[in-house]
Amino acid sequence: MSTANQKSAPPFLIGCNGRGAQRSGLDKPVGLQEASIDEQFRMVKESGVFDYFDRIPLRGNLREYEQAMARHDLPVHTASWFYRLGQDEALLSDNLRICRDIGAACHNIMTFTHHADGHELSDQEIVDHYLQVYDEGMALGVEPSFELHVNMWTEFFPRVETVARAVQERGVPFNFTLDYSHVVFKMHQPGELALSGVREQVERGELVLDPFESGSLCERWLDMNIVKWTQLRTVAPKQPANLWHRNEDGRFARGIQYPMVKPGPGQWHSPWHAWQLEPSKEAIRQVLRYHITHPQSPLCYITTEMINLPDYGLAARYDLFEQNVAAARFIRQSWKEISALHAAGLIDA
């Protein structure tokens, strides 16, 4: 980090998801050929806006990660993976050990809605899953954090509060990874809201998604004091699908990524408007305002998540890494502005 950044460093760490440490362009879309691990670390370090690299190594490339971390003086503080209960328990245990071995203090966990035998996980099964992982992880010095994510139990938004309170009632903190892109992209999309089981609640005004409105899901989750980690991936309400990638069933991949920096000609498949970014940005500002006004806030990590998976930016023609750098700069500038307002007594808890 530069001297200027060190002097104004916020009280949380900013990381770049390794899937976003990729260059792209019209001649080589992202996802066709990833940069080497060493090159990814170099890019993240030399950008000057990140504190760490966010990605879990495989057992087969653990040594490459260790070498890149040492060469570029860039740690790995957090790592993520997805799991299906009844199938991936051993993988989860091994990944917790990998986190310990690489120095990552937090493992972000995405758990599929359905068990390997096909049944939908009950709230109690998720609570038991969290408590088991919490005990196992903490014994290794690795905190778990459960992520808000499509295709996972958290896609059913009201379940988050139910599970979190049940865990807290056991005297255990519930760590939550808030990726509000998975809420914002569903705004004004009845089909997506139905997938989350909340279409009627939203249409009746009983559930508020827009972070600009009072009582939004973002506000409610923050007020529970559970946000350990937040992620910034800009999306747009009524987001277009990823028109540059079709899944095996022939349908376009879901669109859960909207360029933060205006794409050049031919770099984006749909009309782009800067104002569409505002709900994503406001969710981050809300996290920062909460953090600065609540000394007990558990927030430790913010990662930028402009990545190259199918539902996001696979085959993107805009510069993926440029988008992540812009996201990190936005976070730092927002913290600076919010800190100044707080110091002037203009932001209250």
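Residues numbered from 1 in each chain as written. Predicted model: local features only at pLDDT ≥ 70, side-chain atom pairs only at ≥ 80, totals over all residues. Heavy atoms only, no water.

Caption draft 1: The packing of aromatic side chains, seen in detail. In total, this model carries 20 aromatic pairs according to the counting rule given. Relative to Phe82, the ring of Trp81 has its centre 5.0 Å away and its plane inclined at 15 degrees; by these criteria the two rings are stacked. Note on Phe82: relative accessible area 37%, which makes it partly exposed. The rings of Tyr130, Tyr134, Phe146, Phe157, Phe174, Phe176, Tyr180 and Trp221 are connected pair by pair, giving a single aromatic cluster. (Phe/Tyr/Trp six-rings, centres within 6.5 Å; stacked < 30°, edge-to-face > 60°. Buried < 20%, exposed > 50% of the residue type's maximum accessible area, 1.4 Å probe, protein only.)

Caption draft 2: Geometry of the sheet that holds strand 10 (residues 301-304). With parallel pairing, the 8 strands of this open sheet are ordered in space as 2-1-10-7-6-5-4-3. Each having just a single partner strand, strand 2 (52-54) and strand 3 (78-83) make up the two edges of the open sheet. Each strand of the sheet is rotated relative to its neighbour by a mean of 30 degrees, with strand direction disregarded. In the sheet, strand 4 (residues 106-111) pairs with strand 5 (residues 143-147) via 4 bridges, with the strands oriented parallel. Residue pairing in the sheet places Cys106 in a bridge with Glu143 of strand 5. Contacts from helix 11 (residues 278-293) reach strand 6 (176-178), strand 7 (227-232) and strand 10 within the one sheet, and its direction differs from that of strand 7 by about 155 degrees. (Pairing = 2+ DSSP bridges. Helix = DSSP H or I, 4+ residues; strand = E, 2+ residues; numbered from the N terminus. Axes fitted to C-alpha atoms, helices over the stretch in contact; angles between N-to-C directions. Contact = heavy atoms within 4.5 Å.)

Caption draft 3: Expanded view of the nonpolar core. Formed by 97 residues in total, the largest nonpolar core has its most connected members in Phe41, Phe50, Phe174, Phe176, Leu178, Tyr180 and Trp221. Those residues in contact with Phe174 that sit more than four places away from it in its chain are Tyr130, Phe146, Trp153, Val163, Ala164, Val167, Gln168 and Ile226. (Core = buried A, V, L, I, M, F, W, Y, C linked by side-chain atoms within 4.5 Å.)

Caption draft 4: Main features of the pairing of strand 4. Of all 6 residues in strand 4, 6 are buried, a share of seventy percent or more. Where burial is concerned, the two faces of strand 4 agree: the one with Cys106, Asn108 and Met110 and the one with His107, Ile109 and Thr111 are both buried. Alignment of strand 3 against strand 4, held across 6 bridges, turns out to be parallel. From the neighbouring strand, Tyr83 faces strand 4, where its bridge partner is Thr111. Considered for its hand, the β-α-β crossover made up of strand 3, helix 4 (residues 89-102) and strand 4 is right-handed. Handedness of the crossover is the feature at issue here: the chain leaves strand 4, passes through helix 5 (residues 123-140), returns alongside strand 5, and the resulting connection is right-handed. (Right-handed = clockwise from strand over helix to strand, strands pointing away.)

Caption draft 5: Representation of unusual backbone geometry in the model. For Asp73, which is not glycine, the phi dihedral falls at a positive 50 degrees. On the basis of relative accessibility, which here comes to 57%, the residue Asp73 falls in the exposed class. Of note in the backbone geometry, Ala315 takes a positive phi value of approximately 70 degrees without being a glycine. Counting through the fold element by element, Ala315 comes out in the loop between strand 10 and helix 12 (320-343). Taking relative accessible area as the criterion, Ala315 reaches 18% and is therefore assigned buried.

Caption draft 6: A look at the side chain of Arg233. Within the secondary structure, Arg233 sits in the loop between strand 7 and strand 8 (242-246). When its relative accessible area of 3% is taken as the criterion, Arg233 is described as buried. Polar side-chain contacts of Arg233 include one of 2.8 Å to the side chain of Ser181. A distance of 2.9 Å separates a polar atom in the side chain of Arg233 from the backbone oxygen of Glu305. (Polar contact = N/O pair within 3.5 Å; in protein donor to acceptor, adjacent residues only side chain to side chain.)

Caption draft 7: Structural context of the pattern of salt bridges. Under the defined criterion, the tally for this structure stands at 26 salt bridges. Between Arg159 and Asp123 there is a salt bridge, and its shortest N-O distance comes to 2.8 Å. One end of the pair, Arg159, is in helix 6 (residues 158-168); the other, Asp123, is in helix 5, with 36 residues separating them in the sequence. Among the residues examined, Asp123 registers a relative accessible area of 27% and is labelled partly exposed. Between Lys228 and Glu143 there is a salt bridge whose closest N-O contact spans 3.1 Å. (Salt bridge = Lys/Arg side-chain N within 4 Å of Asp/Glu carboxyl O.)

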